[in-house]
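What the coordinates show
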Amino acid sequence: MTDNIQKLSIRLLKDGVEPADALREGVDLEDWPKIEGAKIALDTMGGNPPKWSSFLGLSADEKKKVWNNTAFGLVFLQTSGRWFAVSFGMGHVKLDPSKFEQDFGLRVVLNSVDEEQLKSADVRTPDENTLSRRSQTSRGSDQTAFAIDVERDIIRGLAGTPKDKDFATRVAGSDALSMDRRLKVADLPKACADALSVYAKDDYKNHFGWVDQIKHVREADLLEKLDAAAAAKLKAVIGGADPDGLHLAFPIIYDPEKGACIRYKGFRSKLVFPDLDLSGYLGALQEQGVTSFTAEDLRKHAVHEVDDEGKDCGKSWKIGECLVLEAEVDGHTYVLSGGRWYQVAQDYAQELLKFFDELPREELPDALPDENEEKYNRRLKNDVPELLCLDRKLIKPTGWTTTVEACDFLDKDSRIIHVKDKTSSSRLSHLFNQGTVSGRILIVDGAARDLVRGKISEVEAETGQADFADIIPTAESNFQSRDYTIVYAVIGTGDVPKLPFFSLVTLRQAVRDLKALGYKAAFAWIKKPAAVGVKPTKPAGGDQDEGEVIDPEDEAA
């Protein structure tokens, strides 16, 4: 008789973990004689009417008709020297995720799937504002169909058709392996052993080797060790060590022009700063005589948006969510960004640093301590006649429904300059993408070039500058991208330019795109003196608890 196809959900217990230790409380295991040494848990969960029954005002008799009961089953079996858990129904919710190998299912899929027959991909793009998405295709496709950015995306789940149909007819995986396979219950140990054999391979490197470049760290023990390393680094910096590679950035897409000041809480500092910066945080700690730092302080210390009186007027974040740093732990490189830890392949990190060191540099005037992008651009517009300011001079390219900014500055050396504050990776990513979008428009859209020339004439009439319009050819003229340099200019404190890891990833891709379009690319570091904290304009009465972080959903309350 032909075996039926069974859908299986398989997890691999960590080495040395016993089945009883991998369960949440309230689940009882029994020996299961159908497979030697196996154990089983069977039960139901729920036993209550759904929440909407109360909304509808159902009577007790009516609620009995919609009573919720969900059955589940868990089978633990040992083969090839390892324990596996096979879950049925909602059984997976009764498992303790920390007791299982992370990415077991994903690795099995990567090693077994036909690279031309992928059906679904769960992708996470790490940044201060991490983007997660699921892409599905109507038929089997290769990885290009899912628009995966191999430079920065992390694969969290993958599904497709395996090459070996005897192994499975369908595979999908993240931490768990989901597979369709012909088998009888007695074949479960063989299915698990086959999955373990595939898991141990490194065939994935032939087509998916880039997945090792960046990995999201989720293991509790390792996270604890990494937080301790971050705290040790901060403690050393507080004590006078070089803060190389350490800085603060907002864990969201932040608008620095909203006008709020910054205050660091959790250690009784009252100082108010114009913007978020490591030097300000260190200054506030020093002012309060703080000389130590622990992993708990990553959660206790907080960044608050405040008014000039030091009163909360917006959002707040734990300092650990704003901290950006790299750490070497147990011979591996890790990056903390947006409150998440990532493991980065060492050769990949070195490639990015080499690229940034070799990127041509341009010079621009320094920024003043209280200047953001808007204030800096406004001052240069009035004080530096060699630069024509096109900041906020928006055009609508042909066929577009939205407007774009051609650049922040233009000069007669054919430099097209884009400026941003170093407030977060998200804003810097926007800066780098803005340069490629603008560069492409100038090449392909002659009508848009005429619009830019019109904006140039408007600024010249306002400032008295002259002869800038001819830098951008008319729609009828030929635009030679090789004659132009796209300059990415970043406002930041410190003499040595340093960018967050994920900003470097985006910058390298942007430079590659610009060079493919024929442009030259360069980087400018606009030095800005560190801001000095000041006392609030008047005492902030009724101050919020020093250790409290505002829940954004409660801000209106």
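So, a few notes on the structure that sits alongside this text. (Residues numbered from 1 in each chain as written. Predicted model: local features only at pLDDT ≥ 70, side-chain atom pairs only at ≥ 80, totals over all residues. Heavy atoms only, no water.)

1. Notes on empty space enclosed by the protein
Tallying each qualifying case throughout the model produces one cavity of 30 Å³ or more. For the largest cavity, the calculated volume is near 30 Å³. Contributing to the lining of the largest cavity are Leu390, Ala406, Cys407, Leu410, Ile416, Leu442, Val452 and Ile472. Residues that form the lining of the largest cavity fall into these classes: eight nonpolar, no polar and no charged. (1 Å grid on protein atoms, 1.4 Å probe; cavity = no way out; pocket = protein on both sides within 12 Å on 5 of 7 lines; lining within 4 Å. Points joined across faces, edges and corners; volume = space filled by probe spheres on them. Nonpolar A, V, L, I, M, F, W, Y, C, P; charged D, E, K, R; others polar.)

2. Observations regarding helix α7 (residues 278–287)
For α7, every residue scored as buried is listed here: Leu278, Gly280, Tyr281, Ala284 and Leu285. Down the axis of α7, the sector holding all buried residues measures 165 degrees, keeping them to one side. Where α7 is buried, its residues contact α6 (220–238), β12 (247–248), β13 (261–265) and α9 (319–322). Looking at the residues trailing α7, positive phi occurs at Gly289, about 75 degrees. (Buried < 20%, exposed > 50% of the residue type's maximum accessible area, 1.4 Å probe, protein only. Helix = DSSP H or I, 4+ residues; strand = E, 2+ residues; numbered from the N terminus. Arc of directions from axis to C-beta. Contact = heavy atoms within 4.5 Å.)

3. A word on the sheet that holds strand β14 (residues 302–306)
Pairing within the open sheet is antiparallel, and its three strands lie in the order β13-β14-β15. In this open sheet, the two strands that pair with only one neighbour each are β13 and β15 (312–318). Ignoring which end each strand starts from, the neighbouring axes of this sheet average 25 degrees apart. Alignment of β14 against β15, held across four bridges, turns out to be antiparallel. (Pairing = 2+ DSSP bridges. Axes fitted to C-alpha atoms, helices over the stretch in contact; angles between N-to-C directions.)

4. Concerning the packing of helix α3 (residues 104–112) against helix α4 (residues 188–199)
Axis separation between α3 and α4 bottoms out at 8 Å; the angle between their running directions is 75 degrees. Here α3 lies roughly perpendicular to α4, going by the angle between them. Two secondary-structure elements touch here, α3 through Phe104, Arg107, Val108, Asn111 and Ser112 and α4 through Ala195, Val198 and Tyr199. (Parallel < 35°, antiparallel > 145°, perpendicular 65-115°, else oblique.)

5. Quick look at the pairing of β13
In terms of burial, β13 is a largely internal element, five of the five residues being buried. Here β13 shows a buried face lined by Cys261, Arg263 and Lys265 and a second buried face lined by Ile262 and Tyr264. Pairing between β13 and β14: five bridges, direction antiparallel. Its bridge partner being in β14, Lys265 is matched across the sheet by Ala302.

Just geometry here; none of it tells us what the structure is for.
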